[in-house]
Amino acid sequence: MAFHILAFATQTQKQPFLFSVFFIIYMAGIIGNLTIILLVSIDTNLHTPMYIFLGNLSFIDICFTTVSLPKLMDILITGYNSISFIQCLTQTYFTVFFSSTEVVLLSFMAYDRYLAICNPLSYHVLMNNKKCVMISLALWTTGCVNSFLLTGFASKLSFCKSTSLWQFYCDIKDLTSISCDNTVLNNIISVETVLFVMSPFLLSLTSYIKIIISILNMKSVNSKKKAFSTCTSHLTVLLIYYGTIVCVYMGSASEQAGEMDQVFSVLYTAVTPMLNPLIYSLRNRDVKKALINILPINCK
């Protein structure tokens, strides 16, 4: 059995221009996120919970884009849009794995900023490197188990409506929309949405509400600027990430909604991972300092 991925076209055709665009986006994201991982690894000043989480985020973004974009680029350059059932399930597994891990990771990054700003005296007790590593391992394990369960149920689906996916990768939402017996999986996805989307979102929202209140209560203008500068990068990433993911998963999966779903999915799976390194490097003094230190430039 094979599916047909309708990537920005209802007919199989080569699209070299779009291939070039996605190739640039993909390579920019890979290079940017690898740079962040390199900086966090070699600069001892970045061996803190905040940057350990950031390194995890960059690694997830690399994996996330690698799961979906190479297949899309292959479709665009060859015009061959078929994907086997096993390949589709594999792509679905890793897509769910990395996306569910990332959304929970972002919530813990928000909680980390809450502790640093609202409880600075006890921060190193509540959030140290050992606890950070344990949290990271727990996030990866949870994402893996969650994806295994969802993909396991998806593998039991039968497809009678269509074999065409109105998306540029095998998304579990689109698979359920073309299946004949998706009631159980839809119920599981609803529970999964609460656990891996709504709950992390509420944790992030609560953290930033408390952060903003704490910053507003500071008397020193410099203290306010310093506190706000430590969380603006992550807040920007959160707004982009949740904005796009809501547009993708709250809309319908109909053919008419397919084009809009593809646009928001591009933002969610490709553009956001590409922008994350830029956002953190441009608005973070520690990252910019670490980058300058490793550049082979001798300023006299």
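Quantities reported herein were computed from a predicted structural model and do not represent experimental measurements.

Calculation rules
- Think of each chain on its own: its residues are numbered from 1, step by step along the sequence as written.
- Given that this is a predicted model, residues contribute local features only at a pLDDT of at least 70 and side-chain atom pairs are listed and counted only at 80 or more, while totals for whole chains, interfaces and linings are drawn from all residues.
- Each side-chain value is derived from all of the structure's non-hydrogen atoms; neither hydrogens nor water enter the calculation.
- Think of it this way: any DSSP run of H or I at least four residues long counts as a helix, any run of E at least two long counts as a strand, and we number them from the N terminus.
- Each radius of gyration reported is based on C-alpha atoms, and the globular scaling rule is 2.2 Å times the count of residues to the power 0.38.
- In this analysis, two residues are considered to be in contact whenever any of their non-hydrogen atoms come within 4.5 Å of each other.
- In short, Shrake-Rupley with a 1.4 Å probe defines the accessible areas, and a residue's cover is counted only from the protein chains shown.
- Positive charges are assigned to Lys and Arg, negative charges to Asp and Glu, while His and the chain termini are left out of the count.
- Charge positions are represented by NZ for Lys, CZ for Arg, CG for Asp and CD for Glu.
- Working definition of a nonpolar core: buried Ala, Val, Leu, Ile, Met, Phe, Trp, Tyr and Cys residues. They are joined through side-chain atoms within 4.5 Å.
- Accessibility here uses a 1.4 Å probe with only protein chains present; expressed as a share of the type maximum, an area under 20% marks a residue as buried, one over 50% as exposed, and anything in between as partly exposed.
- Between N or O atoms, a polar contact is any pair within 3.5 Å; within protein, one atom must be a potential hydrogen donor and the other a potential acceptor, and residues adjacent in sequence are included only when both atoms are from side chains.
- By this definition, two strands are paired if DSSP reports at least two bridges between them.
- Interaxial angle, 0 to 180 degrees, is taken between N-to-C directions of lines fitted to C-alpha atoms, where a helix line uses only the stretch in contact.
- Criterion for a disulfide: a pair of cysteine sulfur atoms within 2.5 Å.

## A closer look at the overall build of the chain
Regarding its fold elements, the chain presents 11 helices and three strands. Rg of the C-alpha trace for the chain: 21 Å, near the compact-globule value of 19 Å for 300 residues, within the 12% margin. Principal-axis analysis of the C-alpha atoms gives the chain an extent of 65 × 50 × 30 Å. Long-range pairs, those at least 24 residues apart, make up 78% of the contacts in the chain between residues at least 6 apart in sequence. Only carbon and sulfur atoms are counted for the fraction: they give 68% of the accessible area of the chain, which is about 15,000 Å². Measuring between centres, the 18 positive side-chain charges of the chain sit 17 Å from its 13 negative side-chain charges.

## Brief notes about the environment of isoleucine 135
By secondary structure assignment, the location of isoleucine 135 is in helix α5 (residues 129–154). With 27 residues separating them along the chain, isoleucine 135 and phenylalanine 108 place their C-alpha atoms 8.6 Å apart. The residues contacting isoleucine 135, other than those within four sequence positions of it, are Phe53, Phe108 and Met127.

## Here's the deal with the nonpolar core
One broad trend across soluble globular proteins is that nonpolar side chains are buried collectively. The biggest cluster of nonpolar side chains holds 83 residues, and the ones touching the most others in it are Phe3 and Phe98. Apart from the residues within four sequence positions on either side, phenylalanine 98 is in contact with Ile60, Cys63, Phe64, Val67 and Trp140.

## Describing the environment of asparagine 128
Among the secondary structure elements, asparagine 128 is positioned in the loop between α4 (123–126) and α5. A sequence separation of 78 residues divides asparagine 128 from methionine 50, and the C-alpha atoms of the two residues are 9.7 Å apart. Reaching out from asparagine 128, the side chain makes a polar contact with the backbone nitrogen of lysine 130 at a distance of 3.2 Å.

## Examining the sheet that holds strand β1 (residues 2–5)
Strands sit in the order β2-β1-β3 across an open sheet of three strands; the sheet is mixed. Taken across any chain shown, the strands that pair with only one partner, and hence form the sheet edges, are β2 (82–84) and β3 (164–165). As defined by bridge partners, β1 adjoins β3 across two bridges and the pair is classed as parallel. Paired with histidine 4 across the two strands is serine 164, which belongs to β3. With respect to the sheet, helix α3 (residues 85–118) is in contact with β1, β2 and β3, its orientation differing from that of β2 by roughly 85°.

## A look at the state of the cysteines
In the structure shown here, the tally under the stated rule is one disulfide. Here cysteine 231 is not cross-linked by a disulfide; its sulfur's nearest cysteine counterpart is in cysteine 118, at 9.3 Å.

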